[in-house]
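So you can see what is in the structure, the chains are spelled out below.
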Amino acid sequence: MHSEAQQSSQVPRAGTRKVRRLNQRSRRLLAGLLVPALGLGAGLTTGFGFFDSSGASNPPPLGIYIGYENTSGVNSLGSAMGQQPAYAMDYLDGTSWSTMESSAANDAAKWSGSGYSMTFSIPMLPNSGSSMADGAAGDYNSYYETMAQNLVANNEGSSILRIGWEFNGNWYTWAANSSNQSQFVAFWQQAVTTMRAVPGADFKFEWCPTLGDQGIGNLANYYPGNAYVDDVGADVYDQTWDSYPGASAMFQQMETETYGLNWLTSFASQNGKAVTIGEWGLGEGPGNAGQPSSTSNGEASGGDDPTFINDMAQWLASNHIYEATYFDAQQMALSSSQNPNSYNALLKDFGPGGVAGSSSGSSSTTPPPAPTTTTTAPPAPTTTTTTPAPTTTTTDPAPTTTTTTLPPAPTTTTTTPTTPPPRTTPTTVPTGTTTTVPTTTTTTTPTPTTTTTTAPTPPTPPTPPASSGPPPGSITVTTLDVDPGSANVGDESAMAFKVTVTPAVNETVGVYGDGGLLKLCQVTITTDKGSGTCSMTDNELAPGLYLAGAVTLSGTDYMGSFSNLVPVSIDMTSLSSNWAPAGASVTRQAPRPPRRRHHPSGSRLTSPRR
């Protein structure tokens, strides 16, 4: 899906190395390849009405991320809701500067004309090989210029750009802290100044930490200034560490905690900025319908928690939030079969007449103008009311049989149209075609003698077997195993990943890591063989403990799925001499810790949220 990563032109600093790490934060696993679960699920739902969105006077301030370039998934959700959301979101591919530039063009081209106002999440730095200090010095301005040019060229010059989201955690390469705070601010200013200078650009830039105190100090110190920010946002999830206090208590904590929702609205108001929610969704980890629960040294969530959906919808409407994107993927995905109670709540709350389903949100409200500063402030975000794109249904014509009489021979030829290739469009393809060939033709000559000529009988074509694919509307289950679970550095190919998909489908299933941007290997699954194995190449990973996962993409008649996560251990006992780039030091790095940590007492640790 993405082009092969190219090496950055920047030379790694001494003491660093380019390591392909597997991100332990499962919400970011396969972020560029997320399954459009709700897109198919909405189309299969019973018990919820499908409305004509043309009857809605104002779209809700809701945005949706439902998978890489998945325009149809967002449209399906809008149909189920009764009106289309105003916004959609996608992510640029952070494998390298090259993939960031190309995905800016590809993503924009896919979403242009969809009818949605777009938010694009832009990695501040690629996965490896670059630094905050070099960005602050303007060394990467050319990349940001190309990204802006590609967005403008594909009619997305007025989109919201969410650069370096969740910078206050340490799970991304652009993690900010007290040691690089000034560099983060300067880098942001360089990027914004560069992108605004591109002809035709009218971007809105969203400054978006993750909710809560992540231990990096006063968030205001990381604010680039009103001249470089249009919207102030945060990412919000219904989860905590070890002990989940219950839905009501959890939401109250989100509002009142340090750098929580109350701080967000206050800080935005002080700076004259619109408030956004960059991402929001259900939580990861075990949960029980919003009831209090606990786990041992891990993430705990509200599970299928419609109370959280209702509370968020009410909060968005009451605080006139400009835009809020629901992260509809993985454990947070919503459909009639996955988190159905929360799905029902979302349809009701953001549909016509719902608490956040009309102009109560600020999709129809112009944010307050930015206060006067010594630097010319960017124009305040403008209101865009987007007419939902009409849904186009394509139906293949029924196959016909054409009979042609070829003179002078009295024979008949039957031509059958070719069945279109699968999965090009969501159309109904006939399962088979019957071909009729006449077996006898009689020719009469003008002489008194009558001659009967029997045409040779062609071989009977084989009857195509009945499709062994999954029944329409099937939901796949993807499982992943690895054997052995550990290997020495330089011998990673000794580990075999086994992927099983039930029911079996015709699909290439990838095994991923590094936030979904690094494909470790892939397995071809067929309806005749529902499992297969693959292996990494050697010298792929650094020493450490990792998590890997597999993804089955959705087809036209079945819903894809994510696998379980499996641990992978790389031992440095036999560290090969050619593992690291020449001149780079080899230093063991601990795996990234989970997202949001809490002591049972509720106090927050300084370790990161993911």
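Residues numbered from 1 in each chain as written. Predicted model: local features only at pLDDT ≥ 70, side-chain atom pairs only at ≥ 80, totals over all residues. Heavy atoms only, no water.

A. The state of the cysteines, seen in detail. The tally for this structure, following the rule as stated, stands at one disulfide. The side chain of cysteine 521 participates in a disulfide bridge whose partner is cysteine 534; the two sulfur atoms lie 2.1 Å from each other. Linking cysteine 521 and cysteine 534, the disulfide has an S-S dihedral of approximately 45° and is accordingly described as right-handed. With a gap of 13 residues between them, cysteine 521 in strand S17 (residues 518-525) and cysteine 534 in strand S18 (residues 531-534) connect regions that are remote in the sequence. Under the relative-accessibility criterion, cysteine 534 is labelled buried at 9%. (Disulfide = S-S within 2.5 Å. Helix = DSSP H or I, 4+ residues; strand = E, 2+ residues; numbered from the N terminus. Buried < 20%, exposed > 50% of the residue type's maximum accessible area, 1.4 Å probe, protein only.)

B. Seen up close, the sheet that holds strand S15 (residues 496-502). The strand order across the open sheet formed by three strands is S13-S15-S18, and the pairing between neighbours is antiparallel. The open sheet has two edge strands with one neighbour each: strand S13 (477-483) and S18. Going from strand to strand, the sheet's axes swing by 20° on average, the running direction of each strand aside. (Pairing = 2+ DSSP bridges. Axes fitted to C-alpha atoms, helices over the stretch in contact; angles between N-to-C directions.)

C. Seen up close, the pattern of salt bridges. Scanning the model with the defined rule gives four salt bridges in all. Between arginine 162 and aspartate 235 there is a salt bridge, with its nearest N and O atoms 3.0 Å apart. Of this pair, arginine 162 sits in strand S4 (residues 160-163) while aspartate 235 is found in strand S6 (residues 231-244), placing the two residues 73 residues apart along the sequence. Judged on exposure class, the residue arginine 162 and its partner aspartate 235 are both buried. (Salt bridge = Lys/Arg side-chain N within 4 Å of Asp/Glu carboxyl O.)

D. Broad picture of the packing of aromatic side chains. For the structure shown, the criterion picks out 30 aromatic pairs. Relative to phenylalanine 327, the ring of tyrosine 91 lies with its centre 6.5 Å away and its plane at 75°, an arrangement referred to as edge-to-face. You can see tyrosine 91 sitting in strand S2 (residues 87-91) and its partner phenylalanine 327 sitting in strand S9 (residues 323-327), a full 236 residues away along the chain. Note on phenylalanine 327: relative accessible area 0%, which makes it buried. Summarising the aromatic geometry, the rings of tyrosine 140 and phenylalanine 187 are spaced 6.1 Å apart at their centres and angled 55° between planes, so their arrangement reads as tilted. (Phe/Tyr/Trp six-rings, centres within 6.5 Å; stacked < 30°, edge-to-face > 60°.)

E. Representation of the nonpolar core within the structure. Tyr144, Phe184, Met195, Trp207, Ile277 and Trp280 are the most contacted members of the largest nonpolar core, which has 95 residues in total. Beyond its immediate chain neighbours, meaning those up to four positions away, isoleucine 277 contacts Ala234, Val236, Leu261, Leu264, Trp315, Leu316, Ile321, Glu323, Ala324 and Thr325. Ala487, Met536, Ala548 and Val566 belong to the second-largest nonpolar core, a separate cluster that totals 26 residues. (Core = buried A, V, L, I, M, F, W, Y, C linked by side-chain atoms within 4.5 Å. Contact = heavy atoms within 4.5 Å.)

F. Highlighting the confidence of the model for the chain. Mean pLDDT over the chain stands at 73; residues scoring 70 or higher make up 64%. Within the model, pLDDT remains below 50 along residues 1-57, and this stretch shows 181 contacts once partners closer than five positions in the same chain are excluded. (pLDDT = per-residue confidence, 0-100.)

G. View of the pairing of S2. In terms of burial, S2 is a largely internal element, five of the five residues being buried. The alternating pattern of S2 places Tyr87, Met89 and Tyr91 and Ala88 and Asp90 on opposite faces, both of which are buried. The sheet contact formed by strand S1 (residues 62-65) and S2 spans two bridges and is parallel. Each bridged residue has a counterpart across the sheet, and for glycine 63 the counterpart in S2 is tyrosine 87. In this fold, the crossover linking S1 to S2 by way of helix H2 (residues 71-81) has right-handed handedness. By the bridge criterion, five bridges tie S2 to strand S3 (residues 117-122) in an arrangement that is parallel. In the strand pairing of S3, methionine 89 is matched with threonine 119. Handedness of the crossover joining S2 and S3 through helix H3 (residues 97-111) is recorded here as right-handed. (Right-handed = clockwise from strand over helix to strand, strands pointing away.)

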